[in-house]
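# Secondary and tertiary structure notes
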Amino acid sequence: MEIQLADLLTSLRSEISRARLDAAGKDVRFRIDSIDLELQVAVEKSAEANAGMRFWVVSLGAKGAAKSAETHTVKISLAAETDTGAPVLTGDDVSDLFS
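Residues numbered from 1 in each chain as written. Predicted model: local features only at pLDDT ≥ 70, side-chain atom pairs only at ≥ 80, totals over all residues. Heavy atoms only, no water.

### Some words on the nonpolar core
Where we set the bar: Buried residues of nine kinds, namely Ala, Val, Leu, Ile, Met, Phe, Trp, Tyr and Cys, make up a nonpolar core once their side-chain atoms join them within 4.5 Å. Working definition: with a 1.4 Å probe on protein chains only, accessible area under 20% of the residue-type maximum means buried, over 50% means exposed, and in between means partly exposed. The way it works is that DSSP assigns letters per residue, a run of H or I at least four long becomes a helix, a run of E at least two long becomes a strand, and they are numbered from the N terminus. Note on contacts: a residue pair qualifies if any of its non-hydrogen atoms lie within 4.5 Å across the two residues.
If you look at the biggest cluster of nonpolar residues, it comprises 11 residues: Leu 5, Ile 16, Ile 32, Ile 35, Leu 37, Leu 39, Val 41, Val 57, Ile 76, Ala 80 and Val 88. Elements that contribute at least two residues to this core include exactly α1 (5–23) and β3 (35–45). It is β3 that provides the largest number of residues to this core, a total of 4 residues. Leu 37 has contacts with Leu 9, Leu 12, Val 74, Lys 75, Ile 76 and Leu 78, leaving out every residue within four places of it along the chain.

Okay, structure coming up:
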């Protein structure tokens, strides 16, 4: 499975937005100060005009196929904030953290 880095970040943004909306009106919320991601990526440089470089996240199921491609570890630190610059607050359901 090929996952573009941009698609991964879009999905992460969507999940954070959903958690933020779910937190509305809750007594206990969590502030997200930073999100640290460590990813294995394959870099593809295309010879086609205007194609540039593409970064693909290597999924766990694709490790065998990724051996033929050169992979790199990328560490990304993100600060979560709303469009107004306020910190992101998420809901109080932590049951999934302890299962």
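### Looking at the pattern of salt bridges
Our working rule: Within this document, salt bridges are pairs made up of a side-chain nitrogen of Lys or Arg and a carboxyl oxygen of Asp or Glu, the two lying within 4 Å of each other.
Summed over the entire model, instances satisfying the criterion amount to 2 salt bridges. Of the charged contacts in the structure, one is a salt bridge between Arg 18 and Glu 15, with a shortest N-O distance of 2.9 Å. Placement of both Arg 18 and Glu 15 in helix α1 is noted, with a separation of 3 residues, approximately one turn of the helix. The exposure class of Glu 15 is partly exposed, given its relative accessible area of 41%. The salt bridge partner of Arg 31 is Asp 33, with a shortest N-O separation of 2.8 Å. As far as the burial class goes, Arg 31 and Asp 33 line up, both exposed.

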